[in-house]
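Residue-level listing of the chains:
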Amino acid sequence: MPEEIDDFDVWRAEEGAAADVLMDQIMEPAPDGVERRVVELPVEGGSVELHVFTPPTAGPHPAHLYLHGGGWIGGSIKHKSIDILCRERAAGADCVVVTVEYRKAPEHKFGAGLNDCYAALLWTAEHADELGVRTDSISIGGGSAGANLAAAVALKARDETGPALVLQLLEVPALDLTASTPSHQRNATGYGLTHDGIKACVRYYLDSPQDAHHPYASPLLAPDLSGLPPAYILSAEYDPVCDDGEEYARRLTEAGVPATFSLQRGQIHTSSALTKLLPAARSWREEALAALRDAHRPYPRTASAQ
């Protein structure tokens, strides 16, 4: 992404159009049979759109809230890649998938998008009967900035005694917005996502540099990680945020939270989308689906740190 954006509406439109064309070339098509419906969710200061994906099997189903990436400033549930991923998760893990068009920075700074995502979690739990989902089997996940938000929502749900979560599935998570883990320098350039690009996104996202130390902005810096749901974390080896995921798994384990860290060796930040081209991307997809299936069993097995 460019370090300076003059018109975010134009940039987002161009980003979305280019991404959709690219997905036809690199991403396998979505599985058949999954139904999608659109819901408008009122939130403080407006409303956000939810997409709800239901598998073609008898319920009640587990539920999975998926939060898309885009550096807190871009990305959309309307992008083809997110639609495909949510259909894959619904079919492959036999769960109802909810995804939310949370508000973006810089128009909506840190706190707004997070609150939208938390509102989507509350809505999912409150509408369990309507959705045909089990309130004892709700998970959350996301990629990149979406994984940051997913981890923050898990913290917020713990702090506010919100819906119980059986798993946080975090893929290439950016968990320290001070960019202090070693991989930010080790993998600063040359692998698509750059250290400078991350700094630009963070600058647009936060009101001030001090906000980077807030636990909901940088879950890795939260002083207390106890009482959180089990985590399954997949990080790419050649990624500026690689060490964020490994360090978060270590800290969760120390806090008594079951956490599995899976390093995707030889991969970069965007590798998981390359399912049409890359066997490793297909293996990554299956690993994520297996983690969801395992967590959504009536009696989830305990993950372990690796």
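Everything below is about the structure shown above.
**Points about unusual backbone geometry**
Phase 1: With an omega of 0°, the peptide bond between Gly-59 and Pro-60 qualifies as cis.
Phase 2: As for its position among the elements, Pro-60 is in the loop between strand S2 (46-54) and strand S3 (61-67).
Phase 3: Here the bond from Ala-105 into Pro-106 is cis, since omega is 5°, no more than 30 degrees from zero.
Phase 4: If you trace the backbone, Pro-106 turns up in the loop between strand S4 (96-100) and helix H3 (112-126).
Phase 5: The backbone phi angle of Ser-144 is positive, close to 60°, even though this residue is not glycine.
Phase 6: Although it is not a glycine, Val-172 sits at a positive phi angle of roughly 40°.
Phase 7: Looking at where Val-172 falls in the secondary structure, it is placed in the loop between strand S6 (167-171) and helix H6 (183-186).

**Things to note about the pairing of strand S7 (residues 231-238)**
Phase 1: For S7, a buried count of 6 out of 8 residues is recorded, marking the element as mostly surrounded by other parts of the structure.
Phase 2: Relative to S7, S6 runs parallel, the two being bridged by 4 bridges. Across the sheet, the residue bridging to Leu-170 is Ile-233, located in S7.
Phase 3: Across 7 bridges, the pairing between S7 and strand S8 (residues 259-268) is parallel. Opposite Tyr-238, over in S8, you have Ile-268 as the bridge partner.
Phase 4: Crossover handedness for the path S7 to helix H8 (residues 242-254) to S8: right-handed.

**Concerning the sheet that holds S8**
Phase 1: Ordered in space as S1-S2-S4-S3-S5-S6-S7-S8, the 8 strands form an open sheet in which the pairing is mixed. Of all the strands in the sheet, just strand S1 (35-43) and S8 have a single pairing partner and so form its edges. Ignoring which end each strand starts from, the neighbouring axes of this sheet average 20° apart.
Phase 2: The pairing of strand S5 (residues 133-143) with S6 spans 5 bridges and is classified as parallel. Along S6, the bridge assignment pairs Ser-139 with Leu-167.

**A word on the pattern of salt bridges**
Phase 1: In this structure the tally under the stated criterion is 21 salt bridges.
Phase 2: Of the charged contacts, one joins Arg-158 and Asp-159 as a salt bridge, the two residues approaching to 2.9 Å between their closest N and O atoms.
Phase 3: By relative accessible area, which is 25% here, Arg-158 ends up partly exposed.
Phase 4: Classification of Asp-159 as partly exposed rests on a relative accessible area of 39%.
Phase 5: Between Arg-297 and Asp-294 there is a salt bridge, with the nearest N and O atoms lying 3.1 Å from each other.

**A few points about the side chain of Arg-103**
Phase 1: Along the chain, Arg-103 turns up in the loop between S4 and H3.
Phase 2: For Arg-103, a relative accessible area of 18% corresponds to the buried category.
Phase 3: A distance of 3.2 Å separates a polar atom in the side chain of Arg-103 from the backbone oxygen of Glu-44.
Phase 4: A polar side-chain atom of Arg-103 sits 2.8 Å from a polar atom in the side chain of Asp-116.
Phase 5: The contacts of Arg-103, once residues within four sequence positions are left out, are Val-43, Glu-44, Gly-45, Gly-46, Val-48, His-108, Ala-112, Gly-113 and Asp-116.

Reading the values: the criteria
- Residues numbered from 1 in each chain as written.
- Predicted model: local features only at pLDDT ≥ 70, side-chain atom pairs only at ≥ 80, totals over all residues.
- Heavy atoms only, no water.
- Helix = DSSP H or I, 4+ residues; strand = E, 2+ residues; numbered from the N terminus.
- Buried < 20%, exposed > 50% of the residue type's maximum accessible area, 1.4 Å probe, protein only.
- Pairing = 2+ DSSP bridges.
- Right-handed = clockwise from strand over helix to strand, strands pointing away.
- Axes fitted to C-alpha atoms, helices over the stretch in contact; angles between N-to-C directions.
- Salt bridge = Lys/Arg side-chain N within 4 Å of Asp/Glu carboxyl O.
- Polar contact = N/O pair within 3.5 Å; in protein donor to acceptor, adjacent residues only side chain to side chain.
- Contact = heavy atoms within 4.5 Å.

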